[in-house]
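Structural features, examined
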Amino acid sequence: MSHYNDIWASIVKFCQTFATANAPLTVVNLDAHADLTSLPTSDIIGPKNYMLDYNEGTQVASVMLVVSTLDDENLFRLDGLMGKLYQQLTPGKTIPFINADTGATMGVLKIMDG
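This text gives an overview of the structure that appears in the document. Along each chain, the written sequence defines residue order, and numbers are assigned to residues from 1. Local features in a predicted model are, by the rule used here, given only for residues with pLDDT of at least 70; side-chain atom pairs are given and counted only at 80 or more, and totals for whole chains, interfaces and linings are based on all residues. For the side-chain quantities, the full set of heavy atoms in the structure was used; hydrogens and water were omitted.

**Considerations on helix 2 (residues 76-88)**
Secondary structure counts use DSSP, requiring at least four H or I residues in a row for a helix and at least two E residues in a row for a strand, with both numbered from the N terminus. Working rule for helices: expected span equals 1.5 Å times residues minus one. Along its 13 residues, helix 2 runs 19 Å from first to last C-alpha, staying within 8% of the 18 Å computed at 1.5 Å per residue. Relative accessible area decides the class of each residue, using a 1.4 Å probe on protein chains only: under 20% of the type maximum gives buried, over 50% gives exposed, and in between gives partly exposed. Taken as a whole, helix 2 has its buried residues at Leu78, Leu81 and Leu85. Taken end-on, helix 2 shows its buried residues confined to a sector of 70°, consistent with a single buried face. Exposed and facing more than 90 degrees away from the buried side of helix 2 are Phe76, Tyr86 and Gln87. Two residues form a contact once any of their heavy atoms are found within 4.5 Å. Close packing links the buried residues of helix 2 with helix 1 (4-21), strand 2 (44-55) and strand 3 (58-68). By arc we mean the arc of the directions from the helix axis to the C-beta atoms, nothing more.

What follows is the structure in structure tokens.
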């Protein structure tokens, strides 16, 4: 059974939680923005290049989380956000695994090396 939508929803929920804790950040699905000029004029976080694969019967998701800050001349805000993001996503840490239809927590997704 594929959990493609559940894993995607979990990644988006993680971004939303991170954005709320580090406001003002706007969550953006960067795969849905072919025209970068259509991005919000604010600091953003969002998933890009989401893929799901199988490795010896285990579902393995791969995604880039992009953070961009606006009018951050010396990138201090960006550096701070990246430090916080890194702390939450080091190998061995987990994020909630949620049901895409109900929002209910089903378990955890484990961050792996790679």
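**Some details on the pattern of salt bridges**
Every case where a carboxyl oxygen of Asp or Glu lies within 4 Å of a side-chain nitrogen of Lys or Arg is listed as a salt bridge. On inspection of all chains with the given rule, the structure shows 3 salt bridges. The closest approach of N and O atoms between Asp72 and Arg77, which form a salt bridge, is 4.0 Å.

**Brief notes about the sheet that holds strand 3**
Across a sheet, paired strands are connected by hydrogen bonds in the backbone, their directions being either parallel or antiparallel. A pair of strands is treated as paired once DSSP finds two or more bridges between them. Here 3 strands make up an open sheet; going across it, the order is 1-2-3 and the pairing mixed. Edge strands, defined here as strands with exactly one partner in the open sheet, are strand 1 (26-27) and strand 3. Sheet topology note: the strand 1/strand 2 ladder contains 2 bridges and is parallel. In the sheet register, Val27 faces strand 2, and the bridge partner there is Ile45. Against the sheet, helix 1 touches strand 1, strand 2 and strand 3, its axis set at about 155° to strand 2. A fitted line through C-alpha atoms represents every axis, and for helices the fit uses only the stretch in contact; the resulting angles, taken between N-to-C directions, go from 0 to 180 degrees. Contacting strand 2 and strand 3, helix 2 runs over the sheet at an angle of about 160° to strand 3.

**A short note on the packing of aromatic side chains**
Only the six-membered ring of Trp is used, alongside the rings of Phe and Tyr, when aromatic pairs are assigned; centres must lie within 6.5 Å, and planes under 30 degrees apart are stacked while those over 60 apart are edge-to-face, with the rest tilted. Under the counting rule described, the total for this entry stands at 3 aromatic pairs. Ring geometry for Tyr4 and Tyr50: centres 4.8 Å apart, planes at 55°, overall tilted. Here the residue Tyr4 occupies a position in helix 1, and Tyr50 occupies one in strand 2, the gap between them amounting to 46 residues. In this structure Tyr4 comes out as partly exposed when scored by relative accessible area, which is 39%. The interplanar angle of 25° and the centroid separation of 6.3 Å between the aromatic rings of Phe14 and Phe18 together place this pair among those described as stacked. Of this pair, Phe14 and Phe18 both sit in helix 1, separated by 4 residues, roughly a single helical turn. There is no split in this pair, since Phe14 and Phe18 are both buried.

**Side note on the nonpolar core**
Core analysis: the largest hydrophobic core is formed by 17 residues, its most contacted members being Ile7, Phe18, Leu25, Ile45, Val67 and Leu85. Elements represented by at least two residues in this core include exactly helix 1, strand 2, helix 2 and strand 4 (94-98). Per-element tally for this core: the top contributor is helix 1, with 6 residues. Each residue touching Val67, except ones within four places of it in the same chain, is listed here: Ile44, Ile45, Leu78, Leu81, Met82 and Leu85. Take the buried Ala, Val, Leu, Ile, Met, Phe, Trp, Tyr and Cys residues and link them wherever side-chain atoms come within 4.5 Å; each set so joined is a nonpolar core.

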